[in-house]
Amino acid sequence: VIHEAAALQFPTGRYQVEYVRSVTDKGLDFYLGGNVDYVVATSAVYERFFAVPNQFQPQYLAYQDLFKRLTLVFSVQPSPDHPGPEVRIFAVPR
């Protein structure tokens, strides 16, 4: 599991988790290379790139590509029951 912003806590020993500044730092080819099963993206990180895509075009396009090519398996929107960022969990296709 590659996870940005540590928005979720994973049980120790059940998953091998790597926390990164941004899931786009690794690049789509890394994920499709077979070493990653899930990618966790949060609006706490990608929101700033989506707010002004012309200013952050490489990051914006990288997130768009990830969101398009990976399979969304779970998402949660901010709400009174879930304060905080939007969280999207993607499965990496095999």
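Residues numbered from 1 in each chain as written. Predicted model: local features only at pLDDT ≥ 70, side-chain atom pairs only at ≥ 80, totals over all residues. Heavy atoms only, no water.

Q: Give a description of the pairing of strand β3 (residues 38-42) that names residues and reports values.
A: Counting buried positions over the five residues of β3 gives four, a clear majority of the element. Pairing analysis gives two bridges linking strand β1 (residues 2-4) to β3, with the strands arranged parallel. From the neighbouring strand, Ile2 faces β3, where its bridge partner is Val39. Note: β3 against strand β5 (residues 87-91), five bridges, orientation antiparallel. Among the inter-strand pairings, Val40 is bridged to a residue of β5, identified as Ile89. (Buried < 20%, exposed > 50% of the residue type's maximum accessible area, 1.4 Å probe, protein only. Helix = DSSP H or I, 4+ residues; strand = E, 2+ residues; numbered from the N terminus. Pairing = 2+ DSSP bridges.)

Q: Hey, could you go over the nonpolar core for me, with residue numbers and the actual values?
A: Residues Val23, Tyr31 and Tyr63 are the most contacted members of the largest nonpolar core, which totals 17 residues. Val23 has contacts with Ile2, Glu4, Tyr31, Val39, Val40, Ala41, Tyr63 and Leu66, leaving out every residue within four places of it along the chain. (Core = buried A, V, L, I, M, F, W, Y, C linked by side-chain atoms within 4.5 Å. Contact = heavy atoms within 4.5 Å.)

Q: Go over the environment of Gly84 with me, naming the residues and quoting the values.
A: Among the secondary structure elements, Gly84 is positioned in the loop between β4 (71-76) and β5. Using a relative accessible area of 42% as the deciding quantity, one classes Gly84 as partly exposed.

Q: Explain the pattern of salt bridges to me, and be specific about the residues and the numbers.
A: Applying the stated criterion across every chain, the model contains four salt bridges. A salt bridge links Asp37 to Arg94, with the shortest nitrogen-to-oxygen separation between them at 2.6 Å. Residue Asp37 is found in the loop between α1 (28-35) and β3, and its partner Arg94 is found in the segment after β5; the two are separated by 57 residues along the sequence. For Asp37, a relative accessible area of 46% puts it in the partly exposed group. Overall, the relative accessible area of 61% leaves Arg94 in the exposed class. (Salt bridge = Lys/Arg side-chain N within 4 Å of Asp/Glu carboxyl O.)

Q: So what about the packing of aromatic side chains? Which residues, and what values?
A: Taken as a whole and judged by the stated rule, the model has twelve aromatic pairs. Seen from their ring centres, Phe50 and Tyr63 are 6.3 Å apart, and the 70° between their planes marks the pair as edge-to-face. Of this pair, Phe50 sits in helix α2 (residues 43-51) while Tyr63 is found in helix α3 (residues 57-69), placing the two residues 13 residues apart along the sequence. Centroid distance Phe67 to Phe90: 5.2 Å. Interplanar angle 10°. Geometry classified as stacked. Note that Phe67 is positioned in helix α3 and Phe90 in strand β5, a separation of 23 residues in sequence. Judged by its relative accessible area of 3%, Phe90 falls in the buried class. Joined through ring pairs, the aromatic side chains of Tyr46, Phe49, Phe50, Phe56, Tyr60, Tyr63, Phe67 and Phe90 make up one cluster. Lying over the aromatic face of Phe30, Lys26 brings its terminal NZ or CZ to 4.9 Å of the ring centre. Above the plane of the ring of Phe67 lies Arg88, whose end atom (NZ or CZ) is 4.4 Å from the centre. (Phe/Tyr/Trp six-rings, centres within 6.5 Å; stacked < 30°, edge-to-face > 60°. Lys NZ or Arg CZ within 6 Å of the ring centre and 35° of its normal.)

So, to be careful, I would describe these as geometric facts and stop short of saying anything about function.
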